[in-house]
Amino acid sequence: MTTPRPLAELSADEARRIALRAQGFLGAPDRRAGVRGVLRHLGAIQLDTISVLARSHELVPYARLGAVGRRTVEDAFWRDTHAFEYWSHAACILPIEEWPHFAFRRRAYRNRPHWNHELPDGAYDQVIKQLRSEGPLTATELGGAKKTNDWWDWSGSKVAVERALMYGEVVCVERRSWKRVYDLAERAIPEPLLHDELDDAECLRRLVALAGRSLGVGTRADIADYHRLKGEQVDAVIADSGLVPVTVEGWSKPAWADPAALATPPRGRHRTTLLSPFDSLIWERARTERIFGFTHRLEAYVPRQKRIHGYFAMPVLAGGRLVGRVDPARAGSTLVAKQVTLDGPKAVPAVAQALAEAATWVDCTDVRVERVDAPDLRAALVTELARLTA
């Protein structure tokens, strides 16, 4: 791919601020739009099974809007057909208007020659028939999710309904006790959107444009990673996406920016908050290191003795910088900071504020600090927390 001549040169600081604004962390949030506005703004909110303070899809709007009720979050996603779940960056909640954009992926799944799970004869038709006659159902209600206690030992009905989800004949309409609730797409998706008329190139062009808008500015790899596209798919459409080529100080690769992000200097109030490790601001490791100089790793699946920052270490965002990490837990009405990493003494007030606000959000009445990577800063952190929670 021939890289076009850049239309703008950005400093590293300008690129960081553009990215923060694009992700909803710089400037006053649109509270009238609420959680649904956050979803439309980001274009994808990742789901994950881990729940410490809350599940990741709850932490993402909290980080931008503050103490929005957790029931409010669930209702915003699943009531009145505003969203659907599909494979994007990973398993993600997506705005309902993006359904047509994933036609290329549904077609690819339909043409996929090999699968990890064999589909038993008749199981697919039986699942569709049952959903049509009985309405939305979980895999358990369809006949059982697993044959044994092995996580991946799926039943025939589970294999069938997941295949139908990938094909787009079935859609996940909500999560109930973390179980997917499936319904026929013809019932769940508004009729004007229920089509696969967009060809692959148009699907990709739209997703690249949306990823660029949600990132503000990004490299080819950043843009591809947002919806897990291939680099060559991005190359094929980026010239027609509306994004403009730019250079960024310190970035070794060419970049593209949303022209709307370049039109107005990013200004406003910075959020101070704990971030889910699956937040789209930081979910791409190389980008996080490039923009923030911050090495981000999820250690939940790392053996305990090899963890450096903790099981579910949540980066702390303050003043547009990542200033530390907190590995949280809950013990009754106490939020426990099991391990805290601080980027020097200046990070203490911000980390204390982030912890105090998170405690209030999850109905904890106090915060207990256990390990601090710099023991000489522990007393200052505890004192500041006591002041904020008094």
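Residues numbered from 1 in each chain as written. Predicted model: local features only at pLDDT ≥ 70, side-chain atom pairs only at ≥ 80, totals over all residues. Heavy atoms only, no water.

A.B. asks: Before we move on, could you go through the sheet that holds strand β14 (residues 334-342) and cite the residues and values that matter?
C.D. replies: If you walk across this open sheet you meet the five strands as β11-β12-β13-β14-β15, and the pairing is mixed. Only two strands of the sheet have a single neighbouring strand rather than two, namely β11 (273-274) and β15 (366-372). Of the pairings in the sheet, the one linking strand β13 (residues 321-331) to β14 comprises eight bridges and is antiparallel in character. Bridge pairing in β14 links D327 to Q339. Of the strands in this sheet, β14 and β15 are in contact with helix α15 (residues 378-389), which crosses β15 at around 170°. (Pairing = 2+ DSSP bridges. Helix = DSSP H or I, 4+ residues; strand = E, 2+ residues; numbered from the N terminus. Contact = heavy atoms within 4.5 Å. Axes fitted to C-alpha atoms, helices over the stretch in contact; angles between N-to-C directions.)

A.B. asks: Pulling in residues and values, what's your account of the side chain of R180?
C.D. replies: Within the secondary structure, R180 is located in strand β7 (residues 179-184). Classification of R180 by relative accessible area gives buried; the value is 12%. Within the structure, the side chain of R180 is placed 2.7 Å from the side chain of E85, a separation counted as a polar contact. A polar contact of 2.7 Å, which involves the side chain of R180, links it to the side chain of E162. With residues up to four places along the chain from it excluded, the contact list for R180 reads E85, W87, A91, L137, T138, A139, E162, L165, C172, E174 and R175. (Buried < 20%, exposed > 50% of the residue type's maximum accessible area, 1.4 Å probe, protein only. Polar contact = N/O pair within 3.5 Å; in protein donor to acceptor, adjacent residues only side chain to side chain.)

A.B. asks: Account for helix α6 (residues 123-134), with residues named and values stated.
C.D. replies: For α6, which comprises 12 residues, the first-to-last C-alpha distance of 16 Å matches the rise-based estimate of 16 Å (1.5 Å per residue) to within 8%. Residues A123, Y124, V127, I128, Q130 and L131 constitute the buried set of α6. Buried residues of α6 fall within an arc of 165° about the axis and therefore sit on the same side. In this structure, α6 carries D125, K129 and S133 as exposed residues pointing more than 90 degrees from its buried face. (Expected span 1.5 Å × (residues − 1). Arc of directions from axis to C-beta.)

A.B. asks: Explain unusual backbone geometry residue by residue, including any values.
C.D. replies: A positive phi angle is found at T81, which is not glycine, with a value near 55°. Relative to the helices and strands, T81 resides in the loop between α4 (70-78) and β3 (83-87). With relative accessibility at 34%, the residue T81 sits in the partly exposed group. One non-glycine residue with positive phi stands out, namely S177, at about 50°. Along the polypeptide, S177 turns up in the loop between β6 (170-176) and β7. Residue classification places S177 among the exposed residues on the basis of a relative accessible area of 72%.

A.B. asks: Summarise the packing of aromatic side chains; cite the residues concerned and give the values.
C.D. replies: Both the distance between ring centres and the angle between the ring planes are used here to describe each pair of aromatic rings. Summed over the entire model, instances satisfying the criterion amount to nine aromatic pairs. Ring geometry for Y86 versus Y109: centroids 6.5 Å apart, planes at 85°, classification edge-to-face. One end of the pair, Y86, is in strand β3; the other, Y109, is in helix α5 (residues 103-110), and 23 residues separate them in sequence. Ring geometry for F278 and F312: centres 6.3 Å apart, planes at 45°, overall tilted. Residue F278 is found in the loop between β11 and α13 (285-292), and its partner F312 is found in the loop between α13 and β12 (314-318); the two are separated by 34 residues along the sequence. Judged by its relative accessible area of 11%, F278 is buried. Residue F312 is classed as buried on the basis of its relative accessible area of 0%. (Phe/Tyr/Trp six-rings, centres within 6.5 Å; stacked < 30°, edge-to-face > 60°.)

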